[in-house]
Amino acid sequence: RESVEVNDQGHLTIGGVDTIDLVNKYGTPLFVYDVERIRKNARAFVEGFKKLGVKAQVAYASKAFSSIAMLQVAKQEGLSLDIVSEGELYTALKANFPVDKIHMHGNNKSKKELEMAMQHGVGCIVVDNFHEIELIDQLTKAYDQSIDVLLRVTPGIEAHTHDYILTGNEDSKFGFDISNQQAEQAFLALKDHDYIRLKGLHCHIGSQIFETDGFIMAVRRLFDTLGKWHHEYQFEADVLNLGGGFGIRYTDEDEPLELEEYVHALVDEIKQQANQKDVSFPEIWIEPGRAIVGNAAITLYEVGSKKEIPNVRNYISVDGGMTDNIRPALYNAKYDAVVANKMNVERDYETSIAGKCCESGDMLIWDVLLPDITAGDILAVFSTGAYGYSMSSHYNRFPKAAVVFVENGKDQLVIKRETYEDLVRNDLSYE
Ligand code: LLP
């Protein structure tokens, strides 16, 4: 979790900075990232592979939270980058992220996106479908330019939070089905291509995964295929990309593994499989998003109205909600919170926390124990670093929140709060 503590005034601090000072300086709602935590998460993966003496790339899945400052930190930590759109690529270029370490994803990459990726020299394109193969074929020939690609396959394992289920793979919009001829057909289209260099396979089995079994099964499936292609076509994969999905703790109900444990499990299984199938040991790539930034940020809100319904439930409302964190409304996601200015006050008031959007489903947390809470108090919601800001919206015309980085007791604004002027920037008059 974020390095949070309580200071002499009974205020919550993050990265050594008083959250109430941050609120006074930057307003609410406010995302505060503990940069030290981001670095520690990144290093757990990078060092994990290094300790085992394995060649690897840890690509930060920038969809979890993309901004110039964030990508600068990712770059400082030696991460690679997973992008899924022109906008994410544009942000990476603005952050001067090394292009050769950018991997491009997407189930519907446009010709324009692929062209932009090639012009800038993006390191790898993760090929998703036959239409895309056609487009890359045309572009590489038109530009007389080669490109490295991975083939994205669905290994028939779909992980859902605590467990995983085997699925009939046709039920995914991503990648080539490994169990029928599609993956092989795509492989054959690429393997001897003059410009497209097939480096290996990619799969992503799901998100917020707490066990290693799903990853292990995915590795086995991929090696069944690699073994076959090795035998029949003498193909050797240079790279195996196992995607992201490493789970984090949102509330005490969650029991994630240490990040190194995922690394160990992957490396062990890949070593075994490479031996068994008599193929060379590939470089391992992963794409964590949530596990890098999820537990590195809190969101600070100001409390406003209160509604007490006797024998039913209490509601307190804050000045944000589904516009800065849609995960509770969308996935029934659970969060934990504290009152940042009353850290030494007993938690004896049960209440639910509502957002301020005009929508009953705009709830952040159901039934949480807090100190007696009143208008003007500051609520801190933990572990909002992933898929919070990045999925935020302008519903009800709320300007987007500000984002601050804290490190070594210092704070720095990294995304400005939007203004009303920003909201109408693209509106044109119709008189
Ligand atoms: N790689 C691929 C190909 C992915 O599709 C994803 C996530 C990741 C990596 C990163 O997964 P992570 O390590 O962050 O779990 N909006 C949802 C999560 C959607 C994830 C989509 N793909 C949420 O808020 O939980």
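Residues numbered from 1 in each chain as written. Predicted model: local features only at pLDDT ≥ 70, side-chain atom pairs only at ≥ 80, totals over all residues.

Some thoughts on the overall build of the protein
In terms of regular secondary structure, the protein is built from 12 helices and 24 strands. Here the C-alpha radius of gyration of the protein, 23 Å, is about what a compact globule of 431 residues would show, namely 22 Å. A principal-axis box enclosing the C-alpha atoms of the protein has dimensions of 70 × 55 × 40 Å. Here the protein holds 431 residues, and 45% of them are scored as buried. (Helix = DSSP H or I, 4+ residues; strand = E, 2+ residues; numbered from the N terminus. Rg over C-alpha atoms; globule rule 2.2 N^0.38 Å. Buried ≥ 20, exposed ≤ 12 C-beta atoms within 10 Å, placed from the backbone.)

Re the packing of helix α2 (residues 35-51) against helix α9 (residues 259-277)
In the contact formed by α2 and α9, the axes pass within 9 Å of each other and the chain directions differ by 30°. Of the possible angle classes, the one that applies to α2 and α9 is roughly parallel. Both α2 and α9 take part in a crossing whose hand is right-handed. From α2, Asn-41, Ala-44, Phe-45, Gly-48 and Phe-49 reach across to α9, where they touch Leu-259, Glu-260 and Val-263. (Axes fitted to C-alpha atoms, helices over the stretch in contact; angles between N-to-C directions. Parallel < 35°, antiparallel > 145°, perpendicular 65-115°, else oblique. Left-handed = near helix turned anticlockwise from the far one by under 90°. Contact = placed C-beta atoms within 7 Å.)

Section: the site of the ligand
Near the ligand lie 19 residues; those nearest to it are Ser-207, Gly-244, Gly-289, Arg-290 and Tyr-387. At the level of elements, α10 (290-293) and α11 (327-331) are the ones that each hand at least two residues to the shell around the ligand. (Near = placed C-beta within 6 Å.)

Let's talk about the UniProt feature "active site" (unreviewed entry) in the protein
Residues annotated in UniProt with the feature "active site" (unreviewed entry) correspond here to Cys-358. With respect to the helices and strands, Cys-358 occurs in the loop between β20 (349-354) and β21 (363-370). Note on Cys-358: 8 C-beta atoms within 10 Å, which makes it exposed. (UniProt positions renumbered as here; feature names shortened; annotations may be inferred.)

So, the environment of Ala-297
Relative to the helices and strands, Ala-297 is located in strand β17 (residues 297-309). For Ala-297 and Val-404, which are 107 residues apart along the polypeptide, the C-alpha to C-alpha distance reads 9.4 Å. For Ala-297, the residues in contact, after removing those within four places along its chain, are Glu-2, Phe-31, Val-32, Tyr-33, Thr-384 and Gly-385.

Let's talk about the domain arrangement of the protein
Parsing the protein into structural domains produces domain 1 (4-34 + 294-423) and domain 2 (52-288). For domain 1 and domain 2, the distance between their C-alpha centroids amounts to 34 Å. Listed by partner, the interface residues are 16 residues for domain 1 and 11 residues for domain 2. Contributing elements (two or more residues each) for the side of domain 1 that touches domain 2: β23 (402-407) and β24 (410-415). In terms of residue class, the side of domain 1 that touches domain 2 is built from nine nonpolar, five polar and two charged. (Domains from an automatic or database assignment. Nonpolar A, V, L, I, M, F, W, Y, C, P; charged D, E, K, R; others polar.)

Thoughts on the packing of helix α8 (residues 213-233) against α9
Two elements in contact, α8 and α9, have axes whose closest approach is 10 Å; the angle formed by their N-to-C orientations is 25°. Viewed along their axes, α8 and α9 adopt a mutual orientation that is roughly parallel. Judged by the twist between their axes, the crossing of α8 over α9 is right-handed. Residue-level inspection shows Phe-215, Ile-216, Val-219, Arg-220, Phe-223, Leu-226, Gly-227 and His-230 of α8 in contact with α9, the latter providing Tyr-262, Ala-265, Leu-266, Glu-269, Ile-270, Gln-273 and Lys-277.

Examining the sheet that holds strand β1 (residues 4-6)
Hydrogen bonds between backbone groups are what pair the strands of a sheet, and the pairing can be parallel or antiparallel. The antiparallel open sheet is built from three strands, whose spatial order is β1-β2-β3. For this open sheet the edge positions go to β1 and β3 (17-18), each flanked by a neighbour on one side alone. Here β1 pairs with strand β2 (residues 12-14) via three bridges, running antiparallel. Bridged to Glu-5 within β2 is Thr-13. (Pairing = 2+ DSSP bridges.)

Focus on the nonpolar core
Counting residues in each nonpolar core, the largest one holds 121 residues, and the members touching the most others are Val-32, Leu-379 and Ala-380. The leading source of residues in this core is α8, at seven residues. Counting only domains with at least three residues in this core, you end up with domain 1 (4-34 + 294-423) and domain 2 (52-288). Discounting chain neighbours no more than four positions away, the residues touching Ala-380 are Leu-12, Thr-19, Ile-298, Leu-300, Ala-337, Val-338 and Ala-340. (Core = buried A, V, L, I, M, F, W, Y, C linked by C-beta atoms within 7 Å.)

Focus on the pairing of strand β22 (residues 378-381)
Neither face of β22 is open: one carries Ile-378 and Ala-380, the other Leu-379 and Val-381, and all of them are buried. Relative to β22, β17 is paired through four bridges, and the arrangement is antiparallel. Residue pairing for β22: Leu-300 is matched across the bridge by Ala-380. Taken together, the three bridges between strand β19 (residues 337-339) and β22 define a ladder with antiparallel strand orientation. Within the sheet, the bridge partner assigned to Val-338 lies in β22 and is Ala-380.

Here's the deal with helix α5 (residues 111-120)
Those residues of α5 that fall on the buried side of the exposure criterion are Glu-113, Leu-114 and Ala-117. Looking straight down α5, one finds that the buried residues subtend no more than 95° of arc, so they occupy a single side. Every exposed residue of α5 that faces more than 90 degrees away from the buried side is listed here: Lys-112 and Gln-119. Residues of α5 that are buried in the fold lie against α4 (86-94), β7 (102-104), β8 (124-127) and α6 (130-143). Backbone geometry just after α5 places Gly-121 at a positive phi near 80°. (Arc of directions from axis to C-beta.)

What about the environment of Glu-86?
Counting through the fold element by element, Glu-86 comes out in helix α4. On the neighbour-count criterion, Glu-86 (18 C-beta atoms within 10 Å) is partly exposed. Separated by 296 residues in the primary sequence, Glu-86 and Phe-382 place their C-alpha atoms 30 Å from one another. Every residue in contact with Glu-86, bar those within four places of it in the chain, is listed here: Glu-113 and Met-116.

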